[in-house]
Amino acid sequence: MEGVYLDPPLFLLIDSAYGFVVFSVKEGAVGLRRLPYKSLSVLFVTVLKEAYMTNAEMWNERYRSTESLWIGEPDSSLVASAESITIGSAVDIGAGEGRNSIYLARCGWTTTAVDFSDVALSRLEEVRDRENLPITTILMDVLAYLKAPGVFDLSVMANMHPPIEQRHLLYDGLYRSTRQGGYIFITGHHKDSLGFAGPANIDMLIDENEIRDFFGERVEYLRLEKTTDVADHGHEAPNLVAFLRRL
Ligand SMILES: C[S@@+](CC[C@H](N)C(=O)[O-])C[C@H]1O[C@@H](n2cnc3c(N)ncnc32)[C@H](O)[C@@H]1O
């Protein structure tokens, strides 16, 4: 086993049976990634670049690397949930290329899509403009946006996996951005997907207890379960789905 440490931020590289594994400590979060790089030099360049890029720049780079990063279809659990309630206003935080915002807007929801990647939002805007959909895009860090969000009938967060302290801020913001009697939809990689889908760090993954512990008695649990859905990356994986009604 070989290790390399850089400070700050801190990295540990291990030449394992799986390829190179990178632990990174950045912004207080410990990340673990398995990288299929062919050469150590490519890995070093990438790791060093990432260390000095902001999260928004990293996401932009990911989006720029391909024509579309995620599948185009909306999350099927969101579709089932949204179909069961009255159409109104919705906010989609971390909207990305907008598969869920676009779906909601096509159904008639007046939708606000928030993301800090201008590359992702410009793809969403292209579809919005072509189809004349009721979507407002907001290019902003969602943590800043959620400090003073609008109030919506439905608040959506799909596939965001920051560290737990930030997830709590997001959940709190989602709660506040939802009118009383309105709905909150959350989905993401379940803790049981560790090792084969999503972030390779259990602390970044979600489960039912986390949702129940955070929202407690403040919401009605219309749905709270692990599903095997087609996730944003296009293959089946255990997902956490929470569909809540704010009391
Ligand atoms: C995995 S993608 C999910 C996109 C979309 N929700 C979906 O399910 O297709 C995560 C998105 O969150 C955005 N994101 C991550 N952290 C963010 C932050 N702090 N503020 C704004 N956007 C953020 C990224 O730019 C990216 O588009």
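Every value quoted in this text rests on a predicted model; they were computed, and no experiment measured them.

Colleague: Which residues make up the site of the ligand, and what are the values?
Modeller: Near the ligand there are 19 residues, and of these Trp59, Gly94, Gly96, Phe116 and Ala158 occur at the shortest range. The set of elements that each furnish at least two residues to the shell around the ligand consists of helix 2 (55-64), helix 4 (99-107) and helix 6 (142-145).

Colleague: Tell me about unusual backbone geometry, residues and numbers included.
Modeller: Negative phi characterises most residues that are not glycine, and trans characterises most peptide bonds. Unusually for a residue other than glycine, Asn132 sits at a positive phi of about 55°. Mapped onto the secondary structure, Asn132 falls in the loop between helix 5 (118-131) and strand 6 (135-139). Judged by the 8 C-beta atoms lying within 10 Å of it, Asn132 is exposed. Positive phi is not limited to glycine here, since Asn159 has a value of about 65°. Structurally, Asn159 is set in the loop between strand 7 (152-158) and helix 7 (164-176). Judged by local crowding, Asn159 falls into the partly exposed class, with 19 C-beta atoms found within 10 Å.

Colleague: Residue-level account of the pairing of strand 7, with values.
Modeller: Along strand 7, 6 of the 7 residues are buried, which leaves the element largely enclosed by surrounding structure. Inspection of the sheet shows strand 4 (residues 89-93) paired to strand 7 by 4 bridges, in the parallel sense. Opposite Asp92, over in strand 7, you have Val156 as the bridge partner. Direction of pairing for strand 7 relative to strand 8 (residues 178-189): parallel, over a ladder of 6 bridges. Bridge pairing in strand 8 places Phe152 opposite Thr178. The parallel pair strand 7 and strand 8 is bridged by helix 7, and the resulting crossover is right-handed.

Basis of the calculations
- Residues numbered from 1 in each chain as written.
- Predicted model: local features only at pLDDT ≥ 70, side-chain atom pairs only at ≥ 80, totals over all residues.
- Near = placed C-beta within 6 Å.
- Helix = DSSP H or I, 4+ residues; strand = E, 2+ residues; numbered from the N terminus.
- Buried ≥ 20, exposed ≤ 12 C-beta atoms within 10 Å, placed from the backbone.
- Pairing = 2+ DSSP bridges.
- Right-handed = clockwise from strand over helix to strand, strands pointing away.

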